[in-house]
Structure formats: structure tokens, C-alpha cells
Amino acid sequence: MLRFSLYRMVVLLCVAIMLYTVYRWCRILFGPGPDPDGRQFQHTCNMTEHYRHELERLFERVHRLLEQHGLTHFLCYGTLWGQIRMAKMLPWREKAEFCVLNEELMRHEEARFIRNFYASELRIHYLHSEGIYRIFAQESTAQHAPPYVELVVFQLDEVQGMYKRIGWKRRLLPPNCDWTPSLDCFPHNLLQGTLPKRPLGHQHHYTVPMGGIELQKYHYPDSWWKEVKVRNCNLQ
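Residues numbered from 1 in each chain as written. Predicted model: local features only at pLDDT ≥ 70, side-chain atom pairs only at ≥ 80, totals over all residues. Heavy atoms only, no water.

Turning next to the overall build of the chain. A count of helices and strands for the chain gives seven helices and 11 strands. Of all 236 residues assigned to the chain, the portion counted as buried reaches 37%. Residue pairs in contact within the chain that sit at least 24 positions apart in sequence constitute 62% of those at least 6 positions apart. Carbon and sulfur atoms form 56% of the exposed surface of the chain, whose accessible area is close to 14600 Å². (Helix = DSSP H or I, 4+ residues; strand = E, 2+ residues; numbered from the N terminus. Buried < 20%, exposed > 50% of the residue type's maximum accessible area, 1.4 Å probe, protein only. Contact = heavy atoms within 4.5 Å. Areas by Shrake-Rupley, 256 points an atom, 1.4 Å probe, with all protein chains shown as cover.)

The structure is reproduced here in C-alpha cells:
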């Protein structure tokens with residue numbers, strides 16, 4: 001019978017960690033690989049105009065509530081791509097994002113903050129592992145999965161001069177931005193000064209970081225310059 005000693009368990013654990021680290025670095029350096037079907041489509045525009053308009057209305061309602069609380073919030077991730085490429089929500093996305101700052105959120109009583117959303121007929125819950133507030137409209141008319149808005153929370157690391165994603169699963173990883181890409185770090189100077197506003201959707205303007213596309217160079221370091229290949233889309 002095979003006997004497991006503490007030494008053998010430690011060795012096996014170290015080997016497993018090394019293999020996982022190599023795998024993660026290969027994913028970072030070389031990407032997920034080619035499309036197995038050879039089509040190389042990245043997105044399919046399967047969201048209707050009605051769905052996108054409902055998402056834009058929800059986004060504007062969340063924006064007004066964040067303004068009432070005096071919270072800095074700016075376009076990021078796929079929503080920032082939509083503003084840069086089309087000045088509206090991308091037609092393949094089921095959600096939209098604002099990025100917000102943890103130091104500002106901490107000044108508000110969380111229970112009262114959440115009650116204000118429910119008072120505005122919005123459902124909100126917090127994903128502790130991801131550091132994200134997810135918001136839905138209570139009266140959504142979507143036939144399938146309803147659109148939603150995410151508030152992605154960032155915390156300033158004054159030592160590194162970088163903003164980082166929060167969430168308990170990231171606290172288990174090395175805090176250095178270069179070693180932990182999932183922290184989604186970006187330099188604090190992208191939020192300094194009076195932030196500009198840009199159009200998104202029907203007659204609405206929202207705050208964006210300094211430098212326009214500069215934030216995307218940090219959040220999409222391997223693909224920010226690439227052309228997006230889509231099908232069933234009219235991106236004009």
C-alpha cells in the first residue's frame with residue numbers, strides 16, 4: 001500500500017503549483033489559441049436593438065444614482081470599448097460597466113447605499129469574490145436574461161501608484177501588478193484632474209478616464225490594438 005508522508009504531500013503540492021503557474025503564464029503569453037472552427041469570429045451580434053436600448057436606460061438610471069451619492073464613476077472594460085468604437089453599447093454585450101473607487105464607497109453606509117437602489121426599483125447585490133456590484137431593473141421587459149450593470153470596484157495602492165481590483169480571491173494572490181494580471185491595475189494618473197465626458201447611447205454623456213484608449217492598454221494588454229471580428233453586425 002502506498003503510504004503518504006508529509007514530505008510527499010508537500011512535494012506533490014509544490015509540483016501542482018508549478019504546473020499551474022506554467023499553464024497560467026502560457027495563457028498570458030500566447031493566448032487561448034486559434035478558433036477550433038477556423039472562423040476566427042470573436043463576437044456574434046445576437047442582442048436586439050430593444051435589448052440594447054433597455055441596457056442603455058438602465059445604465060443611465062445607475063449613473064444618476066451614483067451622481068446623487070457623489071461617487072466617481074467612469075466607463076471601463078467593454079462599455080468603454082463601445083464608446084470608443086461606436087459611441088453606444090456594443091451589440092453583442094448583455095451588460096455594461098462603471099468602474100468606481102473603494103475609498104469613496106467606504107464613506108457611505110452600505111445598507112443605506114443599497115436601499116437607495118431598491119427605492120429606485122433596482123435590484124443590487126455584491127459579489128464578494130469579484131469586488132463587483134451587480135444591478136438589474138426590477139421591471140425588465142427582456143424576454144430572456146435581462147440586461148444588467150456592474151460596478152467594478154478599484155482600490156488605490158499608494159505604494160505602487162496603481163489602482164487595483166478588489167475582491168477576496170485577489171487578496172490571496174501576490175499584490176504586485178506585474179505578477180498578478182487579474183488585479184487589472186492601471187496608473188492613478190488616468191484619474192487625475194477633471195475627467196472628460198464622451199457620448200454613449202442616445203443623447204447621454206459619461207465620464208471616461210484620461211487618455212481615452214489608454215486604460216484599455218492596461219486592461220487588454222494583448223489585444224487592445226487588434227481589430228474586432230464580428231458577424232451579423234452593423235457597427236456603423
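This next bit is on the environment of Gln192. With respect to the helices and strands, the residue Gln192 is situated in the loop between β8 (186-187) and β9 (197-199). A relative accessible area of 43% means that Gln192 is categorised as partly exposed. Measuring from C-alpha to C-alpha, the distance between Gln192 and Pro209 comes to 8.6 Å, with 17 residues separating the pair along the chain. A polar contact of 3.0 Å, which involves the side chain of Gln192, links it to the side chain of His188. (Polar contact = N/O pair within 3.5 Å; in protein donor to acceptor, adjacent residues only side chain to side chain.)

With 42 residues, the main nonpolar core has Phe59, Val62, Leu66, Phe98, Phe113, Phe117 and Leu151 as its most contacted residues. Breaking this core down by element, the ones donating at least two residues are α2 (49-68), β2 (73-75), α3 (77-85), β3 (95-101), α5 (110-119), β4 (122-127), β5 (132-137) and β6 (148-157). Residue contributions to this core peak at six residues, all from α2. Ignoring sequence-local partners within four residues, the contact set of Phe59 consists of Leu75, Thr79, Met89, Ala96, Glu97, Phe98, Val149, Leu200 and Tyr206. Listed in part, the five residues of the second largest apolar core include Trp81, Met86, Leu90 and Trp92. (Core = buried A, V, L, I, M, F, W, Y, C linked by side-chain atoms within 4.5 Å.)

Two cysteines whose sulfur atoms are joined by a covalent bond form what is called a disulfide. By the definition in use, this model includes two disulfides. With its sulfur 2.2 Å from that of its partner, Cys76 forms a disulfide with Cys99. Of note, the bridge from Cys76 to Cys99 carries an S-S torsion of about 100° and is right-handed in sense. Within this pair, whereas Cys76 is found in the loop between β2 and α3, its partner Cys99 is found in strand β3, the two being separated by 23 residues in sequence. Here Cys177 engages in a disulfide with Cys185; their sulfurs sit 2.2 Å apart. Residues Cys177 and Cys185 are joined by a disulfide whose S-S torsion is about -85°; by sign, that bridge is left-handed. In this pair, the class of Cys177 matches that of Cys185, namely buried. (Disulfide = S-S within 2.5 Å.)

Under the counting rule described, the total for this entry stands at 11 salt bridges. In this structure, Lys95 engages Glu150 in a salt bridge whose closest nitrogen and oxygen atoms are separated by 3.1 Å. In this pair, Lys95 is assigned in strand β3 and Glu150 in strand β6, connecting sequence segments 55 residues apart. For Lys95, a relative accessible area of 22% translates into the label partly exposed. Look at Glu150 and you get buried, because its relative accessible area is 2%. Across the salt bridge formed by Arg170 and Glu130, the nearest N and O atoms sit 3.4 Å from each other. With a gap of 40 residues between them, Arg170 in helix α6 (residues 168-171) and Glu130 in the loop between β4 and β5 connect regions that are remote in the sequence. Taken together, the shared-partner salt bridges in this structure form one network comprising Glu130, Arg165, Lys169, Arg170 and Asp184. (Salt bridge = Lys/Arg side-chain N within 4 Å of Asp/Glu carboxyl O.)

This part takes up the packing of aromatic side chains. The tally for this structure, following the rule as stated, stands at 12 aromatic pairs. Relative to Tyr133, the ring of Tyr126 lies with its centre 4.6 Å away and its plane at 45°, an arrangement referred to as tilted. A residue is classified by how much of its surface remains accessible, and Tyr126, at 22% relative accessible area, is partly exposed. (Phe/Tyr/Trp six-rings, centres within 6.5 Å; stacked < 30°, edge-to-face > 60°.)

In this section: the UniProt feature "transmembrane region" (unreviewed entry) in the chain. Annotation from UniProt places "transmembrane region" (unreviewed entry) at residues 6-23. Helix makes up 100% of residues 6-23 and strand 0%, and the two end C-alpha atoms of the span are 26 Å apart. (UniProt positions renumbered as here; feature names shortened; annotations may be inferred.)

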